[in-house]
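# Understanding the architecture of this molecule
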Amino acid sequence: MPDTAMLQRLRETLGEAGVLTDPERLAPYLVDHRDLVRGKAPAVLRPSSVAQVQAIMRLAAEYRVGIVPQAGNTSYCAGATPDASGGQFVLSLERLDKVRAVDPLDAAISVDSGVILQRAQEAAAAAGLYLPLSLGSEGSCRIGGVIGTNAGGLSVLRYGMTRDLVLGLEVVLADGTLVSDMKKLRKNNTGYDIRQNFIGAEGTLGVVTGAVLKLIPVPHRRATAWVELTAGAPLPEMLALVRRESSDLVSSFEFITARSLALVSGADGRLKSGSGGVILVELSSSSQHLPIEELLEGVMGEVVEAGWAEDVIIAQTEAQRADMWRIRETIPEGEKHFGGSVKHDISVPLGRTVDFLAAGGAAVAAYDPALELSVYGHVGDGNLHYNVLVPPGEDRLAFTDRIGRELAPALYDIAIGMGGTFSAEHGVGRLKRGLLQHYADPGRYRVLRGIKGLFDPHGVMNPGAMVDPAEGLIAD
Ligand code: MLT
Ligand code: ZN
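Residues numbered from 1 in each chain as written. Chains lettered and ligands numbered in written order. Predicted model: local features only at pLDDT ≥ 70, side-chain atom pairs only at ≥ 80, totals over all residues.

### So, the environment of Gly148
If you trace the backbone, Gly148 turns up in helix 5 (residues 143-148). Spatially, the C-alpha atoms of Gly148 and Arg163 are 9.7 Å apart, while their sequence positions differ by 15 residues. (Helix = DSSP H or I, 4+ residues; strand = E, 2+ residues; numbered from the N terminus.)

Here you go:
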């Protein structure tokens, strides 16, 4: 339990606005975005400067108290929720919210880690550039969380994961040391790439306080098609064709099954599912001279000719395009309205996606043929959201627990047997820590523990997430 003396020193350092203890104000910070995990904390700390983050970490090291960094609190794996002991502080990044600079010539943006992703996108746009990170939660997730989870999203296929977009990073370590590496450089071969350790580390190695992100020319022209698939259409072959024939201008290649589509309220009735589901494909280009609409029409003609599509609708207006994307992006919300889902964020090598759909479907049917699946995702990256809908009338938490114990292992075994993973983009957090321990190659797991022990020898950084603090020490 944290010492009252520590709380007093935190108040002196952060001021009243920097230390929340009122239970009503604390509540939203203590539950994860999916309402699966509820924790306790003596206070939520809201530093307004990097120096205050350093001061917090020095105190945490002195008193050996756990600090749980939290950005937009949109983790799918409860990566930013304190445990139930009441002994861990939440460190909210929300007051570190300045866009520090946008540099058009270097095509880079420097931001505090509490900046909301959408604000960073807008700041880039105001400078005539584009931040190619697009997530359903972009209106509320913050850069620190995006970096902490190495977020993926809707255009990874073209621009990569968050780690591919981070040029520079500023991090406060567990003992309060500041690592300032806010460079805009594309080339800098001067030793270990320390930055990559913190990307995807879920706040278990340090607190990210700032970042420099890569920008690209604005993709002014977009051409978007809604492809109603025939049953068994070979998705990897289709993607290969679309990439080749579009000169690799594909920015998204998203899969939606009929069941997922049906969950979206107000879905345009003209946008139907084919018997094999739907692919939402988008080409984008920054050039005003490239006729990508014609390119897409030609490519889609080939897709129909190959017998892979029952119908293709190419968006004729920006409103129609936006409607296609609204459908895709509101599927998670549709699942929530239905009563919830148990999520399996798997990925397999591209060539095995159709095999996974078949084997996964068989495993679910063998377990309980009455279960309904909502399957969709970034199939262009081999990443499927293979979600089991909570049956009406069932208790959501009890069902989640049962599926996690009785069905999920079979699905993960299939994915991993195909060379895939149990978490493609949602991370490990508190929910998948056991899976990491179970599935990680022993050598890799040993290195993970070694890194944790090196950066956080006293286990104060987000204890309980990803790697257990007790496991973090290097000694076996
Ligand atoms: C998505 O692709 O929509 C997100 O990863 C959210 C989800 O899996 O529910
Ligand atoms: Zn996703």
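### Quick look at unusual backbone geometry
Not every positive phi belongs to a glycine, and Ala78 is a case in point at roughly 55°. Given 27 C-beta atoms within a 10 Å radius, Ala78 is considered buried. Phi angles above zero are rare outside glycine, and Met466 is one such case at about 55°. If you trace the backbone, Met466 turns up in the loop between helix 17 (442-455) and helix 18 (469-472). (Buried ≥ 20, exposed ≤ 12 C-beta atoms within 10 Å, placed from the backbone.)

### A closer look at the packing of helix 13 (residues 353-367) against helix 15 (residues 408-417)
It is at 10 Å that the axes of helix 13 and helix 15 come closest, and there the two elements cross at 160°. One way to sum up the angle between helix 13 and helix 15 is to call them roughly antiparallel. In this structure, helix 13 meets helix 15 at a crossing whose hand is right-handed. Residues Phe356, Ala359, Gly360 and Ala363 of helix 13 form the contact with helix 15, whose participating residues are Ala410, Leu411, Ile414 and Ala415. When the residues that make up the contact of helix 13 with helix 15 are grouped by side-chain class, the tally is seven nonpolar, one polar and no charged. (Axes fitted to C-alpha atoms, helices over the stretch in contact; angles between N-to-C directions. Parallel < 35°, antiparallel > 145°, perpendicular 65-115°, else oblique. Left-handed = near helix turned anticlockwise from the far one by under 90°. Contact = placed C-beta atoms within 7 Å. Nonpolar A, V, L, I, M, F, W, Y, C, P; charged D, E, K, R; others polar.)

### As for the pairing of strand 6 (residues 108-112)
When you tally the buried positions in strand 6, you get five out of five residues, the bulk of the element. Neither face of strand 6 is left uncovered, since the one carrying Ala108, Ser110 and Asp112 and the one carrying Ile109 and Val111 both have all their residues buried. Pairing of strand 5 (residues 99-103) with strand 6, which is carried by four bridges, proceeds in the antiparallel orientation. When the sheet's bridge partners are listed, Val99 is paired in strand 6 with Val111. (Pairing = 2+ DSSP bridges.)

### Side note on the sheet that holds strand 6
The strand order across the open sheet formed by five strands is 5-6-10-8-9, and the pairing between neighbours is antiparallel. Looking at which strands have only one partner, the edges of the open sheet turn out to be strand 5 and strand 9 (178-181). In this sheet, neighbouring strand axes are inclined to one another by 10° on average, regardless of whether the strands run parallel or antiparallel. Along the sheet, helix 3 (residues 50-63) contacts strand 8 (166-173), strand 9 and strand 10 (206-214); its crossing angle with strand 8, the most-contacted strand, is approximately 45°. Across the sheet, helix 4 (residues 117-126) is in contact with strand 5 and strand 6; its angle to strand 5 comes to roughly 35°.

### So, the site of ligand 1
The environment of ligand 1 is made up of Gly136, Pro332, Lys343, Gly377 and His385. For the shell around ligand 1, the per-class residue count stands at one nonpolar, three polar and one charged. (Near = placed C-beta within 6 Å.)

### Things to note about the domain arrangement of the chain
Domain assignment breaks the chain into domain 1 (4-92), domain 2 (99-217), domain 3 (221-328) and domain 4 (339-427). Computed from C-alpha atoms alone, the centre-to-centre distance between domain 1 and domain 2 is 23 Å. Across the contact, 14 residues belong to domain 1 and 21 residues belong to domain 2. If one sorts the elements of the side of domain 1 that touches domain 2 by residue count, helix 3 sits on top with six residues. When the residues that make up the side of domain 1 that touches domain 2 are grouped by side-chain class, the tally is eight nonpolar, five polar and one charged. (Domains from an automatic or database assignment.)

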